[in-house]
Amino acid sequence: MTKVEYWVKMPFGPIHPGLEEPEKFILTLDGERIVDVDVKLGYNLRGIQWIAFRRNYIQIMYLAERMCGICSFSHNHTYTRAVEEAGGIEVPERAEYIRVIIGELERIHSHLLNLGVLAHDIGYDTLLHLTWLAREKVMDTLEAIAGNRVNYSMVTIGGVRRDIDGKKRRIILDMIKYYREVFPGIEDAFLHDPTIEARFRDTAIISKRVAMEQGAVGPTGRGSGIRDDARWSERLGVYPDLGIKPVMPQDVTGERPRGDVFDRMAVRIGELWGSLELIENALDAMPDGKIKTFPKDNILVAKLKLLVDGEGIGRYEAPRGELVHYVRGKKGSDKPLRWKPREPTFPNLFAVAEGVKGDQVADFVVAVASIDPCLSCTDRVAVVQDGKKKILTEKDLLRESIRKTREINSNIKGDPTPVGSSCSR
Amino acid sequence: MAMDVVGELVYPTVGLLGLYAFVSLASLVWEGVDRKLVARMQRRIGPPILQPLYDFLKLSSKETIIPSTANFMFTAAPGLALATAIALLAYTPVGFTPILASKGDVMVFIYLLTLIGFFKILGAISSGNPYAKIGAAREATIMVSREPAMMLGIFAIMWRLGKLGVDKPFSMGVFYVHNIWEIGTPMSFVGAVILLYVFTVWLASEIEVGFFNIPDAEEEIAGGLLVEYSGRYLALLKLTNAMKAFISASLVVAIFFPWGISGYLNLTGLSANVVDLLFHTLKVFALLFFVESVFRAVTGRLKITQAVDFLWKNVFLASLVGSLLIAMEVIM
Amino acid sequence: MNDNPANEVTGVKEPTKAEKVAEAIAERFPEAEVQVKTNRWGRERVWVRVPREKYRELMRFIKELDGEAHYSIGIEQDWGDELDFLSHVVIHYGDAPAVSLLVDVHAPKDDPVIPDISEVFPIALQFEREGMEMVGLDFEGAPDKRRLFLPDDFPEGIYPLRLDDKGVPEEMVHNAGHPYYLKGGAKK
């Protein structure tokens, strides 16, 4: 007698309350069991690489920063590293320390955000609010240092833009003190709560073999037992002097890594402590000196035109894992001939799509959240539309939104059209 | 003959309508109180207390979208579910003997209570949405897992209380004649405590909060059973859910905390019933505070397999032990 | 740090990890161009340029060098007359610094075929899918040639990141009116 399989294909996304950003998974289900997962990317495609063909080195810094809000520093930083490698530009030591500090602050806020999202995905909203309340402190700190909650614009090619002076230093030390009080509670809630344990243990197991095959990076890779951290294996900047080492799940849970959601979460909790330590060490060890090689952007543009000749690779451990940027430039050109970023979510997404097979539908959203997907980073490539449909341009959208605003509230005064002629829309 | 019509038809109908109006209002207000309390526990401000009421009124006036894949049952189910909930009110102990209390009406109570879930499932699978179908499958699974423990417990209690001497055995009115704490032996006291645990977990799984927020899991299956409902159908289902929470909690309150205050105030007739109803409502709110608000603030949801395991291996077994303990000295 | 003997300068100049890997590859593949470049802050990277006939074999060899090799990025690009697929592989990351290895393989535009390496590094398939839709490379034997990023109704034969006439034509561009857009600005 042959067994008949009643398999159902179900779209998960592009718009789904469990996904923070539009991305589509096609699940093949046998009841509640997931048989197969197919990933379809591209719902957030903005054509950043295509746009980059038309931008110079400085402009791409802003473009890179705006690929994604959460890891804006990482993208900017890694791109900058790639250009510095291609151009052979040295960075002052103080700037390296400031980069470490901002990078680790970003890691803290990103990891806290992800912990909250994980809790929310199992309906545990109290923990969501607990972590996101704690996250406000680091966001405030970042705002005090960089002037913005996201898109800090701290890094520039050959240094950083803003210094960390005595006042900002005190704000950071305040924040560290606050987190030393708050983190034990968060750690306890996540590592010892029975609901968390029931939902996250042995869920979406990515074995070391699958992680290796699919090139999983960051907390996803480390959760599966791959001992790699780009900050450490790249001996990046001053990180080796600050005592960086990869955080493995056994450092946090005391058990050997199983590659499940719990381990990935445990790695993040370990990294929260690691980041605090790195920031403290960096604040202590930070030497005096200048913060950028080229004092003005116009000098930088001119220098880059001469200096960058060849290819450069930037590698950095973003909160989600290893981030790689590639830049190829030519002497005499003020813009790179090719720039390609590769985000940690890209391989992790395929790794988790493998890992979640055989689990239940209920596990899927947790599994996707456990790699901390940053889908707007992943969809970065060209977006151009064919002539078949009517495509709304930015101008149309602006006009439509003005019309809608007027419709809702006709009392609004003032002209919402953008002022200035710097950018001919 | 005319007296009979008034006594057996008009009074119950008016009473039921009054009860319906009160319970729907009270249950919606409770939902608002619950949201506010949970928000406070999570250090949020939370919505206004009357927000569910506003939601209900607004949803009733909103456009109702019916998917092209839906069939007739999709539109019929919300009305049927609400009608069932209203009919159920006539058999619900709300501080006094239910309006239509009769011999063996506990069967009707259980039947109508599960019928609400059945209509929700029917509506969901008629919508043609795969998420709704997963939600319906989950609801069905959890329904067959949670009800046996409750049924075993309630029959054991009713049977044991019947032995103390009542007019109408197996009626919801029994709880206001004798209560479970009156049996008196230490064994039965332990049994009653165990059954209290069983009924609290059952209540949580009946109103689907905390561990058991599985069929409607928003993050997993986008609202599950309710995914395709909108406008007035959604309003009806929301009201049904709120009333079902009130009714289920009423059962637990009637079994374990049936005491009224009208006796102390020397009230009789209608005023006694009103006072008892208000006091009962307070008790329901207090119970729901622990079972719903606190429970959903300190837990997340389980997987369906874990929930079924828990309901059978833990709650059903506890129900078995509790039932045996309170029935013991009569059997032996 | 001193726990890493590869980085210590001893009397006799000991080859670093990267140099050893470069040597091993050069020995096994005489036709490949191998060079070790060091950047300003002392990070070494091995750049390998290999003819496409030897590409798959080289990738297998890298996997043999380190069974835990990590394929981190595949970069497709248009060099004008040739298409290029550049892969970055991290090997020997048991201790810092890991060896950063870049494998470059070119294909002429009239015959843009490169062997598929997804049997060696399964994740490479996804970068190859991207390469196929973005610059029009063809990966021989790739098990999955569907589009990854581009929508299904995107016209055939147009590759957004190509710099020649197979790239995005101007009439398709609806909103790129940036002053630095060199070919005449936005379509209003």
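All values derive from a computational prediction rather than experimental measurement.

Asks: What's the story with the overall build of chain B in this structure? I'm lost.
Replies: Helix and strand content of chain B: 10 helices and 0 strands. Against the 2.2 N^0.38 benchmark of 20 Å for 332 residues, chain B shows a C-alpha radius of gyration of 20 Å, consistent with a compact globule. Referenced to the eigenvectors of the C-alpha coordinate spread, the extents of chain B come out at roughly 55 × 55 × 40 Å. A burial count over chain B gives 48% of its 332 residues as buried. Restricting the contact set of chain B to residue pairs at least 6 apart, pairs at least 24 apart contribute 79%.

Asks: Just to check I follow, could you spell out the overall build of chain C for this structure?
Replies: A count of helical and extended segments in chain C gives 3 helices and 7 strands. Walking chain C from its N terminus toward its C terminus, one meets helices and strands in the order α-β-β-α-β-β-β-β-α-β. Of all 188 residues assigned to chain C, the portion counted as buried reaches 38%.

Asks: Hey, could you run me through the interface of chain B and chain A in this one?
Replies: Note: interface size is frequently given as the accessible area lost on complex formation between the parts. Taken together, the 22 residues of chain B in the interface contact 23 residues of chain A. Going through the elements one at a time, helix H5 (130-163), helix H7 (218-221), helix H9 (269-298) and helix H10 (304-331) of chain B are the ones with two or more residues in the side of chain B that touches chain A. The dominant element in the side of chain B that touches chain A, judged by the number of residues it contributes, is H7(B), at 4 residues. Classifying every residue of the side of chain B that touches chain A gives 10 nonpolar, 5 polar and 7 charged.

Asks: How should I be thinking about the pairing of strand S8 (residues 338-342) of chain A in this particular structure?
Replies: Residues and elements named next belong to chain A. Across the 5 residues of S8, 5 count as buried, placing the element largely inside the fold. Note that strand S7 (residues 321-329) and S8 share 5 bridges and pair antiparallel. Counterpart to Tyr326 in the pairing with S8 is Lys340.

Asks: Just to check I follow, could you spell out the sheet that holds strand S6 (residues 310-318) of chain A for this structure?
Replies: Strands in a sheet are paired, the pairing made by backbone hydrogen bonds, and the direction either parallel or antiparallel. All names here are of chain A. Across the sheet, 3 strands lie side by side as S6-S7-S8; this open sheet has antiparallel pairing. Single-partner strands in this sheet number two, and they are S6 and S8. Adjacent strand axes in the sheet meet at a mean angle of 10° when their direction is disregarded. Two strands pair when backbone bridges link them, and S6 and S7 are joined in this way by 9 bridges, in the antiparallel orientation. Within S7, the residue paired with Ala318 across the bridge is Gly321. Packing of helix H3 (residues 72-87) onto the sheet brings it into contact with S6, S7 and S8, and relative to S6 it is tilted by some 150°.

Asks: Explain helix H5 (residues 125-146) of chain A to me, please; I cannot follow it from the model alone.
Replies: Residues spaced three or four apart along an α-helix point in a common direction, a consequence of the helix completing one turn every 3.6 residues. For H5(A), which comprises 22 residues, the first-to-last C-alpha distance of 30 Å matches the rise-based estimate of 32 Å (1.5 Å per residue) to within 8%. Along H5(A), the positions that sit buried rather than exposed are Leu127(A), Leu128(A), Leu130(A), Thr131(A), Ala134(A), Val138(A), Thr141(A), Leu142(A), Ile145(A) and Ala146(A).

Asks: How should I be thinking about the environment of Phe53(A) in this particular structure?
Replies: As for its position among the elements, Phe53(A) is in the loop between helix H1 (48-52) and helix H2 (57-65). Along the backbone, Phe53(A) and Pro92(A) are 39 residues apart, and their C-alpha atoms lie at a distance of 29 Å.

Asks: How should H5(B) be read in this particular structure?
Replies: Over its 34 residues, H5(B) extends 50 Å from the first C-alpha to the last, a length consistent with the 50 Å expected when each residue adds 1.5 Å. Positioned one or two residues after H5(B), Gly165(B) has a phi angle of 100°, which is positive.

Asks: Explanation requested: the sheet that holds strand S1 (residues 33-38) of chain C in the structure shown.
Replies: Residues and elements named next belong to chain C. Read from one edge to the other, the open sheet built from 5 strands follows the order S1-S2-S5-S4-S3, with strand pairing classed as mixed. Looking at which strands have only one partner, the edges of the open sheet turn out to be S1 and strand S3 (70-78). Strand after strand, the sheet turns through a mean of 20° between neighbouring axes, direction not considered. Where strand S4 (residues 82-91) meets strand S5 (residues 99-108), 10 bridges bridge the pair, whose relative direction is antiparallel. Across the sheet, the residue bridging to Phe85 is Val105, located in S5. Together, S4 and S5 form the strand contacts of helix H2 (residues 52-65), whose direction differs from that of S5 by roughly 165°. Sitting on the sheet, helix H3 (residues 124-134) touches S3 and S4, and the angle it makes with S3 is about 10°.

Asks: I tried to follow the environment of Ala144(A) on my own but got confused; where do I start?
Replies: Residues and elements named next belong to chain A. Note on placement: Ala144 falls in helix H5. On a C-alpha basis, the gap between Ala144 and Lys168 in space is 7.1 Å, while along the polypeptide they are 24 residues apart. Sequence-distant contacts of Ala144, defined by excluding residues within four places in its chain, comprise Lys168 and Ile171.

Asks: So what exactly am I meant to see when it comes to the pairing of strand S2 (residues 24-30) of chain A here?
Replies: Successive residues of a regular strand alternate their side chains across the two faces of the sheet. Residue and element names in this part refer to chain A. Residue alternation in S2 divides its side chains into a buried set, Phe25, Leu27 and Leu29, and an unburied set, Lys24, Ile26, Thr28 and Asp30. Pairing of strand S1 (residues 8-12) with S2 involves 5 bridges; the strand directions are antiparallel. Residue Met10 lies in a different strand from S2, and its bridge partner there is Leu27. Relative to strand S3 (residues 33-40), S2 runs antiparallel, the two sharing 7 bridges. Residue pairing in the sheet places Asp30 in a bridge with Arg33 of S3. Between the antiparallel neighbours S2 and S3 lie 2 residues, among them Gly31 with a positive phi of about 70°.

Asks: Help me understand the packing of helix H2 (residues 51-61) of chain B against helix H8 (residues 231-256) of chain B in this model?
Replies: Each packed pair of helices is defined by two parameters, the angle between the axes and the distance between the axes. All names here are of chain B. H8 packs onto H2 with a crossing angle of 150° between their chain directions and a minimal axis gap of 7 Å. With respect to H8, the axis of H2 lies roughly antiparallel. At the point where H2 passes H8, the crossing takes the left-handed sense. Where H2 approaches H8, its residues Pro52, Phe56, Leu59 and Ser60 are matched on the opposing element by Gly231, Arg232, Leu234, Ala235, Lys238, Leu239 and Ala242.

Asks: Which parts of the structure should I look at to understand unusual backbone geometry?
Replies: Leave glycine aside and you will find that most residues have negative phi; peptide bonds, for their part, are mostly trans. Although it is not a glycine, Ser153(A) sits at a positive phi angle of roughly 50°. Secondary-structure assignment places Ser153(A) in the loop between H5 and strand S4 (155-156). Judged by the 17 C-beta atoms lying within 10 Å of it, Ser153(A) is partly exposed. One non-glycine residue, Arg43(B), lies in positive phi territory at about 60°. On the secondary structure map, Arg43(B) appears in the loop between helix H1 (2-41) and H2.

Asks: Could you clarify how one ought to interpret the confidence of the model for chain C in this entry?
Replies: Low-pLDDT portions of the prediction should not be read for the details of their coordinates. Residues and elements named next belong to chain C. With 84% of its residues at a pLDDT of 70 or more, chain C shows a mean pLDDT of 78. Within the model, pLDDT remains below 50 along residues 1-10, and this stretch shows 6 contacts once partners closer than five positions in the same chain are excluded. Here residues 176-188 is modelled with pLDDT under 50, and outside its nearest four sequence neighbours on either side it reaches 21 contacts, counting other chains as well. The complex prediction reports pTM at 0.83, with the ipTM value standing at 0.81.

Asks: How should I be thinking about the nonpolar core in this particular structure?
Replies: Across soluble globular proteins, nonpolar side chains have a tendency to be buried as a group. Ile101(A), Val352(A), Phe246(B) and Ile91(C) are the most contacted members of the largest nonpolar core, which totals 257 residues. A total of 18 residues in this core trace back to one element, the largest contributor, which is H8(B). Aside from chain neighbours lying at most four places away, what touches Ile101(A) is Ile164(A), Ile172(A), Ile279(A), Ala282(A) and Leu283(A). Listed in part, the 5 residues of the second largest apolar core include Leu41(A), Leu45(A), Leu148(C) and Phe149(C).

Asks: Please explain the environment of Leu63(A) as it appears in this structure.
Replies: Residues and elements named next belong to chain A. By the element assignment, Leu63 lies in helix H2. The spacing of Leu63 and Ile48 is 15 residues in sequence and 7.4 Å in space, taken between C-alpha atoms. Ignoring anything within four residues of it in the chain, the contact list for Leu63 reads Ile48, Ile51, Ala52 and Arg55.

Asks: Can you help me understand the confidence of the model for chain B in this one?
Replies: Model confidence for chain B is summarised by a mean pLDDT of 85, while 97% of its residues fall at 70 or above. Mean pLDDT values for the elements of chain B range from 76 in H7(B) up to 90 in H2(B).

Conventions adopted
Residues numbered from 1 in each chain as written. Chains lettered and ligands numbered in written order. Predicted model: local features only at pLDDT ≥ 70, side-chain atom pairs only at ≥ 80, totals over all residues. Helix = DSSP H or I, 4+ residues; strand = E, 2+ residues; numbered from the N terminus. Rg over C-alpha atoms; globule rule 2.2 N^0.38 Å. Buried ≥ 20, exposed ≤ 12 C-beta atoms within 10 Å, placed from the backbone. Contact = placed C-beta atoms within 7 Å. Nonpolar A, V, L, I, M, F, W, Y, C, P; charged D, E, K, R; others polar. Pairing = 2+ DSSP bridges. Axes fitted to C-alpha atoms, helices over the stretch in contact; angles between N-to-C directions. Expected span 1.5 Å × (residues − 1). Parallel < 35°, antiparallel > 145°, perpendicular 65-115°, else oblique. Left-handed = near helix turned anticlockwise from the far one by under 90°. pLDDT = per-residue confidence, 0-100. Core = buried A, V, L, I, M, F, W, Y, C linked by C-beta atoms within 7 Å.

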